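Architecture and fold: a report
For reference, the chains in residue letters:
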Amino acid sequence: MVKRLKCPLCDGSDLKEIDIIKSTDIILLWKKRNINVSNLFRGNNFIFKYKCQICGLEFFNPFVSGENKFYSELGKEDLYYLHEDKTEFVYSSQYIKEGDRVLDIGCGCGAFVKYINKQVVYTGLELSSKAVELAQKENINVVKKTIEDFSKENKYSQDVVVTFQVLEHIADIDKFICSVILTLKQDGLFIIAVPNNKSFIRNAQNNLLNLPPHHLLHWDETSLQYIAKKYHLDIVDIYKEKVTNVHKTWYYSTQISNHIRSLLGMSTKSVNRAFFSKIIQIISSLLSRVAKYSSLHSKKDGHTIVIVLKKVSEHP
Ligand SMILES: [Zn+2]
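The shown structure was predicted, so the numbers you read here are calculated from the model rather than taken from an experiment.

1. What about the packing of helix H6 (residues 173-183) against helix H7 (residues 221-231)?
In the contact formed by H6 and H7, the axes pass within 12 Å of each other and the chain directions differ by 65°. With respect to the hand of their crossing, H6 and H7 are arranged in right-handed fashion. Contacts from Asp174, Ile177, Cys178 and Ile181 of H6 reach H7 at Ile227, Lys230 and Tyr231. Considering only residue class, the contact of H6 with H7 consists of five nonpolar, no polar and two charged.

As structure tokens, this is what we get:
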């Protein structure tokens, strides 16, 4: 148990250390993708992962988060900003009504707007200049602004605020959520989609996109529900995506390697660069090519979880 450190969501200090990662291991894994993150980890030889025993949030400490250069290099791989064909887009669009004012935080190129088949007033907020430029070329209303700045100028103005695959990157959760609540109208909806830490992805070792400096927080149903409790919001619905066709090979290779490790009495770690672990990974990848023809995955929890919250009082 660690006493001094506090949970970024509930401010509690009942934290359990669940993993320790060598910064050099993360740096080496990124290096294979030709991205140099060593500057971001300067002064931090180890990154610790904690699970809050009160709200269930899992988070890394110290917070090592990406800077502009990191995201522009990552953007080049088209891994991050494409945001196309996500089930959360289809699911969330059902909550949007004709004439609604819709705010999309961390909208990338504004891909979500194509899923809203109604006349709405759409605003996207995005910090990547490249993504803003691409959106504006397509006449999508995307501006380079933080939610904190936007909310001060647009209080009680939005019917629906959506944020897809963003909350896992945010260091100051309280400031972010308070700003969203400020910009929402009474009875407005706040829709959050994040990677589901209770799904198979928690078993994926060396999953760089789910580690610092990319992701700082790991959410699940319990920690998302805690947001409603803390900020006095109503829970309208929770939607857990099942494993999609895009992720099925990854699902099977992750679950097979996790099974082999447990048979051998080995634990699953966030980062594992051991030779034997690589062998298990190769075997699992080969087996997943056969396993993907099964339909088992379609019944299992997939990458994303969505919560729909409603602002029921004027102040949090
Ligand atoms: Zn907590």
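2. Regarding the pairing of strand S2 (residues 46-52)
As judged from the seven bridges shared by strand S1 (residues 15-22) and S2, these two strands associate in the antiparallel manner. Opposite Lys16, over in S2, you have Lys51 as the bridge partner. As judged from the four bridges shared by S2 and strand S3 (residues 58-61), these two strands associate in the antiparallel manner. Pairing of Lys51 across the sheet is with Glu58, part of S3. Counting the residues between successive antiparallel strands, the hairpin from S2 to S3 contains five residues, one of them, Gly56, with a positive phi of roughly 85°.

3. Examining the pattern of salt bridges
By the definition in use, this model includes 14 salt bridges. Note that Lys152 is salt-bridged to Asp149, the shortest N-O span being 3.9 Å. Of the two residues, Lys152 and Asp149 are both situated in helix H5 (residues 147-153); the distance of three residues between them amounts to about one turn of the helix. Given a relative accessible area of 37%, Asp149 falls into the partly exposed group. Between Asp174 and Lys230 there is a salt bridge, with the nearest N and O atoms lying 3.9 Å from each other. Of this pair, Asp174 sits in helix H6 while Lys230 sits in helix H7; the two residues are 56 residues apart in sequence, bridging distant segments of the chain. The exposure class assigned to Lys230 is partly exposed, which follows from its relative accessible area of 29%. Taken together, the shared-partner salt bridges connect Lys49, Lys51, Glu58 and Arg202 into one network.

4. Some remarks on the sheet that holds strand S10 (residues 233-242)
Across the sheet, which stays open at both edges, the seven strands sit in the order S6-S5-S4-S7-S8-S11-S10 with mixed pairing between neighbours. Unpaired on one side and paired on the other, strand S6 (142-143) and S10 mark the two borders of the sheet. On top of the sheet, H6 reaches strand S4 (101-105), strand S7 (158-164), strand S8 (184-195), S10 and strand S11 (301-311); it is set at about 145° to S8, its chief contact.

5. Here's the deal with the sheet that holds strand S9 (residues 217-218)
Strand order in the open sheet formed by four strands is S1-S2-S3-S9, and the pairing between neighbours is antiparallel. The open sheet terminates on both sides in strands that have one partner only, identified here as S1 and S9.

6. Observations concerning the domain arrangement of the protein
Partitioning the protein into domains gives domain 1 (75-242 + 304-311) and domain 2 (246-298). One C-alpha centre belongs to domain 1, the other to domain 2, and the line joining them spans 30 Å. Of the residues lining the interface, eleven residues belong to domain 1; the matching set on domain 2 comes to 15 residues. Between domain 1 and domain 2 the total buried area reaches about 1100 Å² when both faces are included, carbon and sulfur atoms providing 54% of it. When the buried surface of domain 1 facing domain 2 is broken down by residue, Phe200, Asn203 and Gln205 rank first, second and third, together holding 59% of it. Summed over the shared surface of domain 1 and domain 2, the number is zero salt bridges. Across the contact surface, domain 1 and domain 2 share six residue pairs in polar contact (both at pLDDT 80 or more). Here the side of domain 1 that touches domain 2 is built from residues that sort into four nonpolar, four polar and three charged.

Cut-offs and rules
- Residues numbered from 1 in each chain as written.
- Predicted model: local features only at pLDDT ≥ 70, side-chain atom pairs only at ≥ 80, totals over all residues.
- Heavy atoms only, no water.
- Axes fitted to C-alpha atoms, helices over the stretch in contact; angles between N-to-C directions.
- Helix = DSSP H or I, 4+ residues; strand = E, 2+ residues; numbered from the N terminus.
- Left-handed = near helix turned anticlockwise from the far one by under 90°.
- Contact = heavy atoms within 4.5 Å.
- Nonpolar A, V, L, I, M, F, W, Y, C, P; charged D, E, K, R; others polar.
- Pairing = 2+ DSSP bridges.
- Salt bridge = Lys/Arg side-chain N within 4 Å of Asp/Glu carboxyl O.
- Buried < 20%, exposed > 50% of the residue type's maximum accessible area, 1.4 Å probe, protein only.
- Domains from an automatic or database assignment.
- Buried area = accessible area lost by both parts, 1.4 Å probe.
- Polar contact = N/O pair within 3.5 Å; in protein donor to acceptor, adjacent residues only side chain to side chain.

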